[in-house]
Amino acid sequence: MKRELRLMKGNEAVAEAAIRAGCDGYFGYPITPQSEVMEYITAEKPEERTGMVVLQAESEVASINMLYGGAGAGKKVMTSSSSPGISLMQEGISYIAGAELPCLIVNVVRGGPGLGTIQPSQADYFQSTKGGGHGDYKLITLAPASVQEMADHATLGFKLAFKYRNPVMIQSDGAIGQMMEKVELDEQEERLTDDQIKEQYPWATLGKTPDRERNIITSLELDPAKQEQINLKLQKKYREIEKNEVLSEEIECDDAEYLLVAFGTSSRICQKVVKMARDEGIKLGLLRPITLYPFPVKEVARLAGQVKGILSVEMNAGQMVEDIRLAVNGKIPVEYFGRFGGIIPSSTEVLEALKQKIIGG
Amino acid sequence: MAEQLTKEDIRKEANIVYKKTEVLTDNVLHYCPGCGHGTIHRIIAEVIEEMDIQSETIGIAPVGCSVLAYNYFDLDMHEAAHGRAPAVATGIKRLLPNKYVFTYQGDGDLAAIGTAETIHACNRGENITIIFVNNGIYGMTGGQMAPTTLEGMKSSTTPYGRNIKQMGNPLKMTELVAQLPGTYFVTRQAVHTPAYVRKAKKAIKKAIQYQEREKGLSFVEVVSNCNSGWKMTPVQANKWMEENMFPFYPLGDIKVPEDK
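A. Quick peek at the interface of chain A and chain B. Each partner contributes residues to the interface: chain A has 35 residues there, and chain B has 35 residues. At the boundary of chain A with chain B, total buried surface from both sides reaches about 2,700 Å², with 61% on carbon and sulfur atoms. Here chain A and chain B share three salt bridges between them. A salt bridge links E91 of chain A to R84 of chain B; the nearest nitrogen and oxygen atoms lie 2.9 Å apart. There are 14 residue pairs in polar contact (both at pLDDT 80 or more) connecting chain A and chain B. For the side of chain A that touches chain B, the secondary-structure elements that each account for two or more residues are β2 (25-28), β3 (53-56), α4 (60-72), α5 (83-98) and β9 (216-217) of chain A. Here the side of chain A that touches chain B gets eight residues from one element, more than from any other, and that element is α4 of chain A. Across the side of chain A that touches chain B, the residue classes tally to 17 nonpolar, 10 polar and eight charged. As paired elements, β9 of chain A and strand β2 (residues 76-79) of chain B share two bridges and run parallel to each other.

Here it is as structure tokens:
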């Protein structure tokens, strides 16, 4: 496929890639550090370019519910926000997950809790990967580490969302969203017509025609026996996702004696740390989860049979380290190092932490 | 002696003077006997049948007594979170601009938790129809105070009557949205007598037909009863509604299209 080369911000790349993926509707509310997503889309006049709808909602609560409506009609819909706004969306996300509808949600994470800071953070790991709202559900969570991946994950996100009828979260952060890099973009994909949607997604609420029963989009089932079946069906779907959709990258892991695990911005710092450590003769590798949910459990478990210790490097107070420990299951020491509140850890302090907590520990 | 008509005779096509619209399913309504919801459902469904738009209509159910409205309309239906129906409707209508989209909401849903979604959908002039059923109480959760509960009116959370100083004022949402430039047709109706049912049906028909004009949102409030929540018989409840609700929530058109 012919790809176009551009220099873009991460927030612009995810927007452009979404338009090119045939997105039907964007609904959002401004919040730093992701406002460029809607600004870019509106400047592109998508209604002329592809017929895509874009609307600035009155709140994140409204925008996620606009997604809920659009997704019910079988449309490719997306929103973007940053941490406090994503918190407001949790009710709607839970309904969308419960009603089994596809949509794409971009979270350009900033530091919290509360209003926190507008600087980059990874403190929404728990919120993204463990559900976030009420009830037992999961979001497929993609963690881009470059502007290129911001674009690629928009395309992949829509694909996975429709494959599993499940919301997909791109968990980026202020650094990935704001930085400019070279990006290769896919060609424009045609938006589906209503007839194509009707054929491909027979559950969509396009109007009850005489040839079929009415379609009902709901997450409500008052009969406990039936509600349990719905939950079991959801859990079965999540097991499928865990089996089929794990993505991760391994850097210098073949001969590694020690391992760093990091995603997104902190994984970029850790690439430098691997180099620095190897210059000193320390055989260090890096495992970068690309899907945070499903988590690369098998990859971590395999590497735990090879290395002497693992350091989880995160821009939060230690969230992913819990999933690593579950995967390692006590075989080897697993420690955490991180900075939070909007601070990106330096390569020097990560290497120092590795020496203190793992190698010397 | 006159020949007695058998049931079979009565059911003959030629003898039928009234039948249930096919836009309603055969599911048994869960609403309390005497409640207005059943009638309001019926007239909406009749309008959709008369307009022949069953295949082009998407309805949005709220949270509240009518949370299961999707069981009764033989339409594609979308059940929204509490108060979010106008946002869900916005998403659908923006992406399916040629379809008819309506929300069906109670007073707690529309005028308390969903105030922001309601006002902004109205103000943007979304080409949808909002049916707002106001019975001044939270029926489903067991009779708590609603934003539209009248002063002095008893509910399970205002057991000594609504005290304005403590609980604030009842909200006239319909008058409020009529002020917004995005609303095209705003009216307040009732369904407690056959004459009012006919009027309300006419209003709902206009409110749905106006979507074709693309001039903005149509808003139909139906002042209704809640005999269970009000702890009255259906007859008493209708009388109480006429004597107490109608003076505060007067019936009639509040905003009509200038370009009739």
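Having seen the structure, we can now continue with the description.
B. Region of interest: the sheet that holds strand β7 (residues 183-190) of chain B. Spatially, eight strands are ordered β9(A)-β2(B)-β1(B)-β3(B)-β4(B)-β8(B)-β7(B)-β9(B) in an open sheet, and the strand pairing comes out mixed. On the outer flanks of this sheet lie β9 of chain A together with β9 (252-255) of chain B, each paired with one strand and no other.

C. View of the pattern of salt bridges. A full pass over the atoms with the stated rule returns 44 salt bridges over all chains. As a salt-bridge pair, E240 of chain A and K243 of chain A come within 3.5 Å of each other at their nearest N and O atoms. With E240 of chain A and K243 of chain A both in helix α10 (residues 224-244), this residue pair falls three residues apart, about one helical turn. Here R188 of chain B and E221 of chain B are joined by a salt bridge, their closest N and O atoms 3.0 Å apart.

D. Representation of helix α13 (residues 320-328) of chain A in the model. All names here are of chain A. Those residues of α13 lying buried are M320, V321, D323, I324, A327 and V328. Buried residues of α13, viewed axially, fall in a sector of 160°; they line one side. Packed against the buried residues of α13 are α6 (125-129), β11 (258-261), β12 (284-289), α12 (297-304), β14 (309-314) and β15 (334-338). Positioned one or two residues after α13, N329 has a phi angle of 55°, which is positive.

E. The packing of helix α1 (residues 10-20) of chain A against helix α7 (residues 147-164) of chain A, seen in detail. All names here are of chain A. At a minimum axis distance of 8 Å, the contact between α1 and α7 shows a crossing angle of 30°. On the basis of the axis angle, α1 is roughly parallel to α7. Pair α1 / α7 crosses with right-handed handedness. Taken together, the residues of α7 that come into contact with α1 (itself represented by G10, N11, A13, V14, A17 and A18) are V147, M150, A151, A154, T155 and F158. Looking at the contact of α1 with α7 residue by residue, the class counts come to nine nonpolar, three polar and no charged.

F. Just the domain arrangement of chain A, in detail. Residue and element names in this part refer to chain A. For chain A, the assigned domains read domain 1 (4-194) and domain 2 (248-359). Spacing between the C-alpha centres of domain 1 and domain 2 amounts to 27 Å. The interface is formed by 28 residues belonging to domain 1 together with 26 residues belonging to domain 2. On the domain 1 side of the interface with domain 2, the three residues burying the most area are Q122, Y125 and F126, jointly 34% of the side's total. On the surface where domain 1 and domain 2 come into contact, there are three salt bridges. Between R268 and E181 there is a salt bridge; the shortest N-O distance is 2.5 Å. Elements with a minimum of two residues in the side of domain 1 that touches domain 2: α6, β6 (140-142), α7, β7 (167-173) and α8 (174-178). Considered class by class, the residues forming the side of domain 1 that touches domain 2 number 13 nonpolar, nine polar and six charged.

G. Examining unusual backbone geometry more closely. Residues and elements named next belong to chain A. Residue P33 is reached from T32 by a cis peptide bond, and omega for that bond is 5°. The step from Y293 to P294 runs through a cis peptide bond, and the omega angle for that step is 0°. One non-glycine residue, K45, lies in positive phi territory at about 45°. By secondary structure assignment, the location of K45 is in the loop between α2 (36-43) and α3 (46-49). Phi angles above zero are rare outside glycine, and R165 is one such case at about 45°. With respect to the helices and strands, R165 occurs in the loop between α7 and β7.

H. Expanded view of the pairing of β12 of chain A. Residues and elements named next belong to chain A. Of all the six residues making up β12, six are buried; the element is thus mostly covered by neighbouring parts of the structure. The side-chain alternation of β12 yields two buried faces, one formed by L284, L286 and R288 and the other by G285, L287 and P289. Looking at chain direction, strand β10 (residues 248-251) and β12 are connected through four bridges and run antiparallel. Bridge assignment links E249 to a residue of β12, and that residue is R288. Looking at chain direction, β11 and β12 are connected through four bridges and run parallel. Looking across to β12, one finds that Y258 is bridged to L284. In this view, the connection linking β11 to its parallel neighbour β12 by way of helix α11 (residues 264-279) has right-handed handedness.

I. Spatial organisation of the packing of aromatic side chains. By the definition in use, this model includes 12 aromatic pairs over all chains. Judged by centre distance (4.9 Å) and plane angle (35°), the rings of F162 of chain A and Y201 of chain A are tilted. Note that F162 of chain A is positioned in helix α7 and Y201 of chain A in the loop between α9 (194-200) and β9, a separation of 39 residues in sequence. Like Y201 of chain A, F162 of chain A is buried. Aromatic rings pair up to connect Y125, F126 and F263 of chain A into one cluster. Across from the ring centre of F248 of chain B, 4.2 Å away, lies the NZ or CZ of K172 of chain B, which sits over that ring.

J. A look at the sheet that holds β12 of chain A. All names here are of chain A. Spatial strand order, β10-β12-β11-β14-β15: five strands in an open sheet with mixed pairing. Because the sheet does not close on itself, it has two edges, and the strands there are β10 and β15. Each neighbouring strand pair of the sheet contributes to a mean axis angle of 20°, computed without reference to strand direction. Here four bridges tie β11 to β14, and the two strands are oriented parallel to one another. Within β14, the position partnered with Y258 by the bridge is G309. On top of the sheet, helix α14 (residues 347-359) reaches β11, β12, β14 and β15; it is set at about 145° to β14, its chief contact.

What counts, and at which threshold
- Residues numbered from 1 in each chain as written.
- Chains lettered and ligands numbered in written order.
- Predicted model: local features only at pLDDT ≥ 70, side-chain atom pairs only at ≥ 80, totals over all residues.
- Heavy atoms only, no water.
- Contact = heavy atoms within 4.5 Å.
- Buried area = accessible area lost by both parts, 1.4 Å probe.
- Salt bridge = Lys/Arg side-chain N within 4 Å of Asp/Glu carboxyl O.
- Polar contact = N/O pair within 3.5 Å; in protein donor to acceptor, adjacent residues only side chain to side chain.
- Helix = DSSP H or I, 4+ residues; strand = E, 2+ residues; numbered from the N terminus.
- Nonpolar A, V, L, I, M, F, W, Y, C, P; charged D, E, K, R; others polar.
- Pairing = 2+ DSSP bridges.
- Buried < 20%, exposed > 50% of the residue type's maximum accessible area, 1.4 Å probe, protein only.
- Arc of directions from axis to C-beta.
- Axes fitted to C-alpha atoms, helices over the stretch in contact; angles between N-to-C directions.
- Parallel < 35°, antiparallel > 145°, perpendicular 65-115°, else oblique.
- Left-handed = near helix turned anticlockwise from the far one by under 90°.
- Domains from an automatic or database assignment.
- Right-handed = clockwise from strand over helix to strand, strands pointing away.
- Phe/Tyr/Trp six-rings, centres within 6.5 Å; stacked < 30°, edge-to-face > 60°.
- Lys NZ or Arg CZ within 6 Å of the ring centre and 35° of its normal.

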